[in-house]
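Here's the letter readout for the chains.
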Amino acid sequence: MYNFATDYPKIVHMTADKKDTNLRTLQDLGLSDNEAVLYELMLSYPKVTVQELTVRAPFTRTMLYYVLKWLEKKWLITSKRKQWKTIYSVENPENLYDL
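## Let's talk about the nonpolar core
Counting residues in hydrophobic clusters, the biggest one holds 22 residues, and the most contacted among them are L31, L38, Y39, M42, L53, L68 and L71. Among the elements of the structure, α1 (4–28), α2 (33–44), α3 (50–56), α4 (61–73) and β3 (85–90) are those that each provide at least two residues to this core. A total of 5 residues in this core trace back to one element, the largest contributor, which is α2. Those residues in contact with L53, other than ones at most four positions away along the chain, are L38, L41, M42, V48, L64 and L68.

Right under this line is the structure:
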């Protein structure tokens, strides 16, 4: 049986280890620290606006635009204007091999 008091810290620790491994892998493939953090976050939210990212990402809005620009230059994300807002979409992760 699952005991929340004793098992929860183990689950959180395993999740943090996996996240660190994912970030290191992205960095090994050529992304900067900030690009890796934002790209991993965007994999969970494939179509997102900057307004939505400001709530979820650990960056200021200005920094978000900067990192998004670099991810777009590396063909890892695309942007599309829809009325008055811009939607950022994650491209195929296989593009990481082309870095």
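## What about the sheet that holds β3?
Judged by pairing direction, the sheet is antiparallel, and its 3 strands sit side by side in the order β1-β3-β2 without closing on themselves. The sheet is open, and its two edges are formed by β1 (47–48) and β2 (77–82), each paired on a single side. Where α2 meets the sheet, it contacts β1, β2 and β3, and its direction lies at approximately 95° from that of β3. Sitting on the sheet, α4 is in contact with β2 and β3, with an inclination near 115° to β2.

## Describing unusual backbone geometry
Phi is positive for W75, close to 60°, though the residue is something other than glycine. Here W75 lies in the loop between α4 and β2. A relative accessible area of 62% means that W75 is categorised as exposed. Its identity as a non-glycine residue notwithstanding, Q83 has a phi of 55°, on the positive side. Mapped onto the elements of the fold, Q83 is located in the loop between β2 and β3.

## As for the pairing of β3
Looking along a regular strand, one sees the side chains alternate between the two faces of the sheet. A large share of β3 lies buried, amounting to 5 of its 6 residues. Here β1 pairs with β3 via 2 bridges, running antiparallel. Bridge pairing links V48 to Y88 in β3. Note that β2 and β3 share 6 bridges and pair antiparallel.

## Some thoughts on a positive patch on the surface
Judged by side-chain charge, K47, K80, K82 and K85 come together as a positively charged surface patch. Residue classification places K82 among the exposed positions, given a relative accessible area of 54%.

## Quick notes on α4
Relative to the 18 Å expected for 13 residues at 1.5 Å per residue, α4 spans 19 Å between its end C-alpha atoms, a close match to the ideal helical length. Taken together, the buried positions of α4 are L64, V67, L68 and L71. With its buried residues spanning 105° around the axis, α4 presents them on a single face. Turned more than 90 degrees away from the buried face of α4 sit T62 and K73, all of them exposed. Close packing links the buried residues of α4 with α2, α3, β2 and β3. Looking one or two residues beyond α4, the residue adopting positive phi is W75, at roughly 60°.

What counts, and where the lines are drawn
Residues numbered from 1 in each chain as written. Predicted model: local features only at pLDDT ≥ 70, side-chain atom pairs only at ≥ 80, totals over all residues. Heavy atoms only, no water. Core = buried A, V, L, I, M, F, W, Y, C linked by side-chain atoms within 4.5 Å. Buried < 20%, exposed > 50% of the residue type's maximum accessible area, 1.4 Å probe, protein only. Helix = DSSP H or I, 4+ residues; strand = E, 2+ residues; numbered from the N terminus. Contact = heavy atoms within 4.5 Å. Pairing = 2+ DSSP bridges. Axes fitted to C-alpha atoms, helices over the stretch in contact; angles between N-to-C directions. Patch = residues over 30% accessible without salt bridge, like charges linked within 9 Å, V, L, I, M, F, W, Y side chains within 5 Å. Areas by Shrake-Rupley, 256 points an atom, 1.4 Å probe, with all protein chains shown as cover. Salt bridge = Lys/Arg side-chain N within 4 Å of Asp/Glu carboxyl O. Lys, Arg positive; Asp, Glu negative; His and termini not counted. Charge placed at Lys NZ, Arg CZ, Asp CG, Glu CD. Expected span 1.5 Å × (residues − 1). Arc of directions from axis to C-beta.

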